[in-house]
Amino acid sequence: MDQSPNRFLSLDVFRGMTICFMIIVNTPGSGAVPFAPLEHAAWFGFTPTDLVFPSFLFAVGNAMSFAMKKFAGQSNGTVVWKIVKRTALIFLFGYLMSWFPFFLHDANGWHFQLTPISHTRILGVLQRIALCYMFASLMVHFIKSVKTIVVISVLLLFGYWFLLLIFGDPANPYGMLTNAGTYLDKFVMGDDHLYHGEGVAFDPEGILSTLPAIVNVICGYFAGRYVQEKGKRYETIAKLMLWGGLFIFIALCWNMAFPISKKLWSSPFTLLTVGLDLLIISALIYIIEIREWNKANWTAFFTTVGKNPLPVYLFSELFLVTLWMIKVTPGGNPAGWINQVFFQVVAPGAVGSLLFAIFYMLICWTFGKILDKNKIYLRV
């Protein structure tokens, strides 16, 4: 965790809010359908939940605007090694999380046999973060011209669109199983290494859709750098908000030809989420940095998580998987049992589901609090 004095509190709050919301939408209580805004859009369209992952990428870019300063004066070889090493570690954490608990486990208990790697998902959330960080960092380090980086970003967005149109099914180039990204993932990795949460072999964090996601990180980087250069002033946040509004306008116009879709990570989806993130970070800078409406120290709740985003996220995923493997009732587990005997009794339906998700988020927050209290800041 970078504790440098020039770091602005808004970034840690923004990142903490993103992680907290990510945990809430990832862990709804069983036994009821969650509220619609707490679910991803089925395919085309947009919900608040769809903003979570791109916001984290945007926050990665913000953090890069501080971290890249440390590379000044270092040799290119040293910089590349640090970037690649960090990328490899984050990617490895994501892959091991997909492989966890490593040994076969079913209704009959544990089997002392390793889960076959041949059926382990290769890509995922952390893997995409790692790849986007690597490409964005290398671009920023080696390409000093802002205009050149902007041109490359535009080419990534339009190039992805053209690749889908050229190599996808002409009758349905944006379909889940008929888009060029799915074809490429199946060719390179095979069905067994893809995500199957949709009931079919399709990876929302696939190879091709990583291209527009890189732009989320790049935009986050330039937003962070702009705030550092211009200062936390009204003019600064006004310009950020204007850019945010422009991105949203372009995204909505582009949506008429290239639909907004999180699972496809369409180019207008990238612009829409960047626009919204610019508005959110501007509001946080205004509230926290300019008006200083944090006298009640409400920001501490989110910075507790924002200081340790990777370990808190890993804990939220691995602890839940661990709970699923513990049998407390026939066909049940501790998470499901707590939800059924308490939350669904107190507030049946979607409300109970949301309360359970908040309860689990607070457990993960407590883990982050323990790390923060002991001054433990895990970074790679």
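Residues numbered from 1 in each chain as written. Predicted model: local features only at pLDDT ≥ 70, side-chain atom pairs only at ≥ 80, totals over all residues. Heavy atoms only, no water.

**Q** Explain the overall build of the protein chain to me, please; I cannot follow it from the model alone.
**A** Across its full length, the protein chain holds 13 helices and two strands. Over its C-alpha trace the protein chain gives a radius of gyration of 21 Å, about what one expects of a compact globule, namely 21 Å for 380 residues. Considering only C-alpha atoms, the protein chain reaches an extent of 60 × 55 × 45 Å along its principal axes. For the protein chain, the proportion of its 380 residues judged to be buried stands at 49%. Considering only residue pairs separated by 6 or more positions, the protein chain has 72% of its internal contacts joining residues 24 or more positions apart. When the accessible area of the protein chain is evaluated, it comes to approximately 17700 Å², of which 70% is carbon and sulfur surface. (Helix = DSSP H or I, 4+ residues; strand = E, 2+ residues; numbered from the N terminus. Rg over C-alpha atoms; globule rule 2.2 N^0.38 Å. Buried < 20%, exposed > 50% of the residue type's maximum accessible area, 1.4 Å probe, protein only. Contact = heavy atoms within 4.5 Å. Areas by Shrake-Rupley, 256 points an atom, 1.4 Å probe, with all protein chains shown as cover.)

**Q** What's the story with the pattern of salt bridges in this structure? I'm lost.
**A** Throughout the structure, instances matching the rule amount to 10 salt bridges. A salt bridge links Glu-289 to Lys-232; the shortest N-O distance between them is 3.9 Å. Separated by 57 residues along the polypeptide, Glu-289 in helix α9 (residues 267-290) and Lys-232 in the loop between α7 (210-230) and α8 (234-254) bring together distant segments of the chain. One salt bridge in this structure joins Lys-307 and Asp-372, with 3.7 Å as the shortest N-O distance. Within this pair, whereas Lys-307 is found in the loop between α10 (299-306) and α11 (309-325), its partner Asp-372 is found in helix α13 (residues 350-373), the two being separated by 65 residues in sequence. (Salt bridge = Lys/Arg side-chain N within 4 Å of Asp/Glu carboxyl O.)

**Q** When you look at the packing of aromatic side chains in this model, what are you seeing that I'm missing?
**A** Ring pairs (aromatic) are described by centroid distance and by the angle formed between their planes. For the structure shown, the criterion picks out 29 aromatic pairs. Ring plane angle 55 degrees and centroid distance 6.3 Å describe the contact between Trp-43 and Phe-44, whose orientation is recorded as tilted. The buried category is assigned to Trp-43, whose relative accessible area is 13%. An aromatic cluster is built from Phe-158, Tyr-160, Trp-161, Phe-162, Tyr-174, Trp-254 and Phe-258, whose rings are joined through pairwise contacts. When the ring centre of Tyr-133 is taken as reference, the NZ or CZ atom of Arg-86 above it lies at 4.6 Å. Cation over ring: Arg-128 sits above Trp-265, and NZ or CZ is 5.1 Å from the ring centre. (Phe/Tyr/Trp six-rings, centres within 6.5 Å; stacked < 30°, edge-to-face > 60°. Lys NZ or Arg CZ within 6 Å of the ring centre and 35° of its normal.)

**Q** Before we go on, may I ask you to explain unusual backbone geometry in this structure?
**A** A negative phi angle is the norm for most residues apart from glycine, just as the trans form is the norm for most peptide bonds. Even without being a glycine, Trp-265 presents a positive backbone phi close to 50 degrees. As for its placement among the helices and strands, Trp-265 is situated in the loop between α8 and α9. On the basis of relative accessible area, Trp-265 is assigned to the buried category, the value being 0%.

**Q** Before we go on, may I ask you to explain the side chain of Gln-127 in this structure?
**A** Mapped onto the elements of the fold, Gln-127 is located in helix α4 (residues 125-142). Those residues within four positions of Gln-127 in sequence are excluded, and the remaining contacts are Phe-91, Gly-94, Tyr-95, Ser-98 and Ile-122.

**Q** Please clarify how helix α12 (residues 334-346) should be interpreted in this entry.
**A** Three or four residues apart is the spacing at which side chains of an α-helix point the same way, because the helix has 3.6 residues per turn. If you check α12, its first and last C-alpha atoms are 17 Å apart, about what 13 residues at 1.5 Å a residue would give, namely 18 Å. Within α12, the axis deviates most sharply at Gln-340, by approximately 35 degrees. Taken residue by residue, α12 has Pro-334, Ala-335, Gly-336, Asn-339, Phe-343 and Gln-344 as its buried positions. Residues of α12 that are buried in the fold lie against α11 and α13. (Expected span 1.5 Å × (residues − 1). Bend = angle between axes of the 7 residues up to and from the residue.)

**Q** Where do I start with the nonpolar core in this structure?
**A** Nonpolar side chains in soluble globular proteins tend to be buried together. Counting 90 residues, the largest nonpolar core has Leu-57, Phe-58, Met-64, Leu-126, Leu-164 and Phe-258 as the members making the most contacts within it. Here this core gets 10 residues from one element, more than from any other, and that element is helix α2 (residues 52-67). Not counting residues within four places of it along the chain, the set of residues in contact with Met-64 comprises Tyr-133, Ala-136, Ser-137, Val-140, Val-217 and Tyr-221. (Core = buried A, V, L, I, M, F, W, Y, C linked by side-chain atoms within 4.5 Å.)

**Q** I keep staring at a nonpolar patch on the surface and nothing clicks. Help me out?
**A** A contiguous nonpolar surface patch, about 710 Å² in accessible area, is contributed by Val-146, Val-150, Val-154, Phe-158, Phe-162, Leu-165, Ile-166 and Phe-167. Tracing the backbone through its elements, the reader meets Phe-158 in helix α5 (residues 146-167). (Patch = residues over 30% accessible without salt bridge, like charges linked within 9 Å, V, L, I, M, F, W, Y side chains within 5 Å.)

**Q** What am I meant to see in the confidence of the model for the protein chain here?
**A** The predicted coordinates ought not to be read in detail in places where the model reports low pLDDT. Confidence in the prediction for the protein chain averages 87 pLDDT; 93% of positions are at 70 or higher. Within the protein chain, strand β2 (residues 109-114) has the poorest average pLDDT of any element, 62, and α5 the best, 96. In this model, residues 1-6 is a region of pLDDT below 50 whose contacts with residues beyond four sequence positions or in other chains number 14 contacts. (pLDDT = per-residue confidence, 0-100.)

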